Amino acid sequence: MKKASILFFSLLIGGFGNYYSFSQTKQPAKKTTTKTVTTKTTTSGNNNASKADIEAGKNLISKSDCLACHQLKVKVVGPAYSAVAAKYPATDANIDKLAGKIIKGGAGAWGQIPMSPHPQIAEADAKKMVKYILSLKGK
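As the structure is a computational prediction, the values presented were derived from the model and not from experiment.

### Comments concerning the overall build of the protein
Here's step 1: Helix and strand counts for the protein come out as five helices and zero strands.
Here's step 2: In the protein, the succession of α and β elements from N to C terminus is α-α-α-α-α.
Here's step 3: Across the 139 residues in the protein, those meeting the buried criterion constitute 30%.
Here's step 4: Within the protein, contacts between residues at least 6 apart in sequence are counted, and of these 61% link residues at least 24 apart.
Here's step 5: Just so you have it, the protein exposes about 9700 Å², and 59% of that area is on carbon and sulfur atoms.

### What about the environment of Pro79?
Here's step 1: Following the sequence through the fold, Pro79 ends up in the loop between α2 (51-62) and α3 (81-87).
Here's step 2: Measuring from C-alpha to C-alpha, the distance between Pro79 and Cys69 comes to 8.0 Å, with 10 residues separating the pair along the chain.
Here's step 3: Excluding its chain neighbours within four sequence positions, the residues that come into contact with Pro79 are His70, Val84 and Trp110.

### Section: the packing of helix α4 (residues 92-104) against helix α5 (residues 123-134)
Here's step 1: Close contact between α4 and α5 brings their axes to 8 Å; oriented N to C, the two are set at 115 degrees. At the point where α4 passes α5, the crossing takes the right-handed sense. Residues Asn94, Ile95, Asp96, Leu98, Ala99, Ile102 and Ile103 of α4 pack against Glu123, Ala126, Lys127, Met129, Val130, Lys131 and Leu134 of α5.
Here's step 2: Each residue belonging to the contact of α4 with α5 can be placed in one class, and the counts come to nine nonpolar, one polar and four charged.

### With respect to the nonpolar core
Here's step 1: Membership of the largest hydrophobic core comes to 24 residues, with the highest contact counts inside it found for Ile61, Tyr81, Val130, Tyr132 and Leu134.
Here's step 2: Tallying contributions element by element places α5 first for this core, with six residues.

### Regarding α4
Two residues of an α-helix separated by three or four positions point the same way, owing to the 3.6 residues in each turn.
Here's step 1: With 13 residues, α4 should reach 18 Å at 1.5 Å per residue; the first-to-last C-alpha distance of 18 Å fits that figure.
Here's step 2: Among all positions of α4, only Asn94, Ile95, Leu98, Ala99, Ile102 and Ile103 are buried. Seen end-on, α4 carries its buried residues on one side only, within an arc spanning 165 degrees. In α4, the exposed positions that point more than 90 degrees away from the buried face belong to Ala93 and Lys104.
Here's step 3: The inward-facing, buried residues of α4 abut α3 and α5.
Here's step 4: Two residues or fewer after α4 comes Gly105, characterised by a positive phi angle close to 85 degrees.

### Re the confidence of the model for the protein
Here's step 1: When pLDDT is averaged along the protein, the result is 78; 65% of the residues meet or exceed 70.
Here's step 2: Per-residue pLDDT stays below 50 along residues 7-25; that stretch engages in 13 contacts with residues further than four places along the chain or on separate chains.

### A closer look at the environment of Lys75
Here's step 1: Mapped onto the secondary structure, Lys75 falls in the loop between α2 and α3.
Here's step 2: From its side chain, Lys75 meets the backbone oxygen of Val77 in a polar contact 3.3 Å long.

### Let's talk about the pattern of salt bridges
Here's step 1: With the rule as written, the count across this model stands at three salt bridges.
Here's step 2: A salt bridge links Lys131 to Asp53, with the nearest nitrogen and oxygen atoms 3.3 Å apart. With Lys131 in helix α5 and Asp53 in helix α2, this pair connects stretches of sequence that are 78 residues apart.
Here's step 3: Overall, the relative accessible area of 14% leaves Lys131 in the buried class.
Here's step 4: Assessed through its relative accessible area of 18%, Asp53 is described here as buried.
Here's step 5: Across the salt bridge formed by Asp96 and Lys127, the nearest N and O atoms sit 3.0 Å from each other. One end of the pair, Asp96, is in helix α4; the other, Lys127, is in helix α5, and 31 residues separate them in sequence.
Here's step 6: Via salt bridges that share partners, Asp96, Glu123 and Lys127 belong to a single interconnected network.

About the criteria used
- Residues numbered from 1 in each chain as written.
- Predicted model: local features only at pLDDT ≥ 70, side-chain atom pairs only at ≥ 80, totals over all residues.
- Heavy atoms only, no water.
- Helix = DSSP H or I, 4+ residues; strand = E, 2+ residues; numbered from the N terminus.
- Buried < 20%, exposed > 50% of the residue type's maximum accessible area, 1.4 Å probe, protein only.
- Contact = heavy atoms within 4.5 Å.
- Areas by Shrake-Rupley, 256 points an atom, 1.4 Å probe, with all protein chains shown as cover.
- Axes fitted to C-alpha atoms, helices over the stretch in contact; angles between N-to-C directions.
- Left-handed = near helix turned anticlockwise from the far one by under 90°.
- Nonpolar A, V, L, I, M, F, W, Y, C, P; charged D, E, K, R; others polar.
- Core = buried A, V, L, I, M, F, W, Y, C linked by side-chain atoms within 4.5 Å.
- Expected span 1.5 Å × (residues − 1).
- Arc of directions from axis to C-beta.
- pLDDT = per-residue confidence, 0-100.
- Polar contact = N/O pair within 3.5 Å; in protein donor to acceptor, adjacent residues only side chain to side chain.
- Salt bridge = Lys/Arg side-chain N within 4 Å of Asp/Glu carboxyl O.

Take a look at the structure:
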């Protein structure tokens, strides 16, 4: 009965996930003018995450069912992506571990509600998705 309830709730959330997407668009940053401007681009400590991988991961997530259970800053069924980024440093080991959880599913790290497996997602794509999520640290 528990599994049926979880499945029903997941399907219900999935059906409304795109309708109630909790706007995640960022407002453009205000431009300021100074005499000296220094910028530094980082990828949350992960030297292996290129801008192309991060953007590809963002696009893969937007085309998947991930947003039915996860949002950028709001816990829905699963944790918010910003909470995942805060918990896991962007290391190769964590990228591999989290990509495996996307593909195989899992439970226990964030509570008792299990994350359903996504075996149709290629490992390389899952890693890009994770790189995007971990790039959100501090955002």
